[in-house]
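Descriptive analysis of the structure
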Amino acid sequence: MSDQLGGKSEAGPVAEPLASLEEWEDFLVERYPQPKENSEFRDYGTNVKPGVREFYRQNHTQQTLDFVLAKKREYVGTTRREMSIWEAMEFLNTLVDDSDPDTDLSQIEHLMQTSEAIRADGHPRWFILTGLIHDLGKILCLFGEPQWAVVGDTFPVGCRYSNKIVFPEFFDENPDSKVAEYQTPNGIYSTGCGFDEIHLSWGHDEYLYHVVKDYLPEEGLAMIRYHSFYPAHREGEYTHLMNEKDRRLMEWVKKFNPYDLYSKGHQPPDVKKLTPFYQDLIAEFFPPKLAW
Ligand SMILES: [Fe+2]
Ligand SMILES: [Fe+2]
């Protein structure tokens, strides 16, 4: 490419050794592989990039209860496209995702990296399949949704914000913080009502849950729906809204989380070779077309 540009690169920016700073972070995760429970890995710290900070500001100020309810009316039980799981994977592959820049792998490679790590540990087939599909909800970006309404740590809306949510100060600018009814510990919910009854901030987790909810065991569905609910599964918050089922299923969400966070940076999977295995696995659980 630089040959064709005929020396233009000399006037351009100097090439850096790392494609992104996240490559260094990936290296650290590789070098110090087994973080203890509740480690500070997702504590973005003082060196957080301005873009990441701005992303959280947008997310925390605009994810209101009204917004979440509007997105559910728009996306739950409605159809934009009929696609197989595999077609959705290929569709997602057309997305270049700023929110997950710590890999230069394609989206399909990232999906298979997660599922292959689960498979290597001898977990059941539904668990492997859950790993494969867990981020397919990111196609919301391709339906025109802004990043702050697709990714990010999720949190309940309609009740008090935990101060263990990353960048809690940004909630001061969320209109819901001025609604007294939403700022008690239970808010619009009741003690022990269960996570099925609460509205989490809208994003790829909740969206995909509704697309696939008829086809996977409840443990896999919980992994999909709550994998970004870090305030609950990593920080131990919102236990007062949990019921017995949530306490049981949250153990599976915790089991899934390391595969999501720490399976990046290993060998890129051989997508071509793995495709027949995954097409069989998809056909075992899913109909040929789903409503997206
Ligand atoms: Fe995700
Ligand atoms: Fe993921």
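Everything that follows concerns the structure shown earlier in this document.
Per chain, residue numbering runs from 1 following the sequence as it is written. Following the order in which they are written, the chains are lettered starting with A and the ligands numbered starting with 1. In view of the model being predicted, local features appear only for residues whose pLDDT reaches at least 70, and side-chain atom pairs are presented and counted only at 80 or more, with totals across whole chains, interfaces and linings using the full set of residues.

Digging into the overall build of the chain
The condition that has to hold: Put simply, DSSP H or I for four residues or longer makes a helix, DSSP E for two residues or longer makes a strand, and each gets a number counted from the N terminus. The burial criterion counts other C-beta atoms lying within 10 Å of a residue's C-beta, which is placed from the backbone; the residue is buried at 20 or more, exposed at 12 or fewer, and partly exposed between these limits. Any residue pair is listed as a contact if its two C-beta atoms, each placed from the backbone, are within 7 Å.
Tallying secondary structure elements over the chain gives 12 helices and four strands in all. Looking at the chain residue by residue over its 292 residues, the buried ones come to 35%. Sequence separation of 24 or more characterises 77% of the internal contacts of the chain that already satisfy a separation of 6 or more.

Points about the packing of helix H8 (residues 204–212) against helix H9 (residues 218–226)
Note the cut-off: Where helices are involved, their axes are fitted lines through C-alpha atoms of the stretch in contact, as for all axes, and angles between N-to-C directions lie from 0 to 180°. Relative orientations are named as follows: roughly parallel for angles under 35 degrees, roughly antiparallel for angles over 145 degrees, roughly perpendicular for angles from 65 to 115 degrees, and oblique for any other angle.
For the pair H8 and H9, the least separation of the axes is 7 Å and the interaxial angle reads 150°. In terms of their interaxial angle, H8 and H9 are classed as roughly antiparallel. Side by side, H8 and H9 meet where Asp205, Glu206, Leu208, Tyr209 and Val212 of the first sit next to Leu221, Ile224, Arg225 and Tyr226 of the second.

Quick notes on unusual backbone geometry
The phi angle at Phe167 is positive, at roughly 50°, despite the residue not being glycine. Secondary-structure assignment places Phe167 in the loop between strand S2 (156–157) and strand S3 (199–200). Residues other than glycine seldom take positive phi values, yet Tyr238 does so here, at roughly 65°. Looking at where Tyr238 falls in the secondary structure, it is placed in the loop between helix H10 (230–233) and helix H11 (244–262). Given 22 C-beta atoms within a 10 Å radius, Tyr238 is considered buried.

Considerations on the environment of Pro288
As for its placement among the helices and strands, Pro288 is situated in the loop between helix H12 (271–285) and strand S4 (290–291). The exposed category is assigned to Pro288, around which 12 C-beta atoms lie within 10 Å. Each C-alpha atom of the pair Pro288 and Trp86 lies 9.4 Å from the other, and the pair is 202 residues apart in sequence.

Here's the deal with the environment of Phe256
Mapped onto the fold, Phe256 is located in helix H11. Between the C-alpha atom of Phe256 and that of Glu219, which follows or precedes it by 37 residues, the distance is 10.0 Å. Leave out the neighbours within four places in its chain, and Phe256 touches Met223 and His227.

Here we look at the packing of H9 against H11
Basically, it comes down to this: Take the far helix as the reference: if the near one is turned anticlockwise from it by less than a right angle, the crossing is left-handed, and if turned clockwise, right-handed. All amino acids are sorted into three groups, where Ala, Val, Leu, Ile, Met, Phe, Trp, Tyr, Cys and Pro are nonpolar, Asp, Glu, Lys and Arg are charged, and the leftover types, Gly among them, are polar.
Relative orientation of the contacting elements H9 and H11 amounts to 65°, with a least axis distance of 8 Å. In this structure, the crossing between H9 and H11 has a hand that is right-handed. Facing Glu218, Glu219, Ala222, Met223 and Tyr226 of H9, the residues of H11 in contact are Leu249, Trp252, Val253 and Phe256. Of the residues contributing to the contact of H9 with H11, the split by class is seven nonpolar, no polar and two charged.

With respect to helix H5 (residues 85–92)
Quick note on the threshold: By definition, the arc is the one covered by directions from the helix axis to the C-beta atoms.
Every buried residue of H5 is accounted for by Ile85, Ala88, Met89 and Leu92. Viewed end-on, H5 has its buried residues packed into an arc of 105°, placing them on one side of the element. Buried residues in H5 make contact with strand S1 (82–83), helix H6 (107–120), helix H7 (125–133), H12 and S4.

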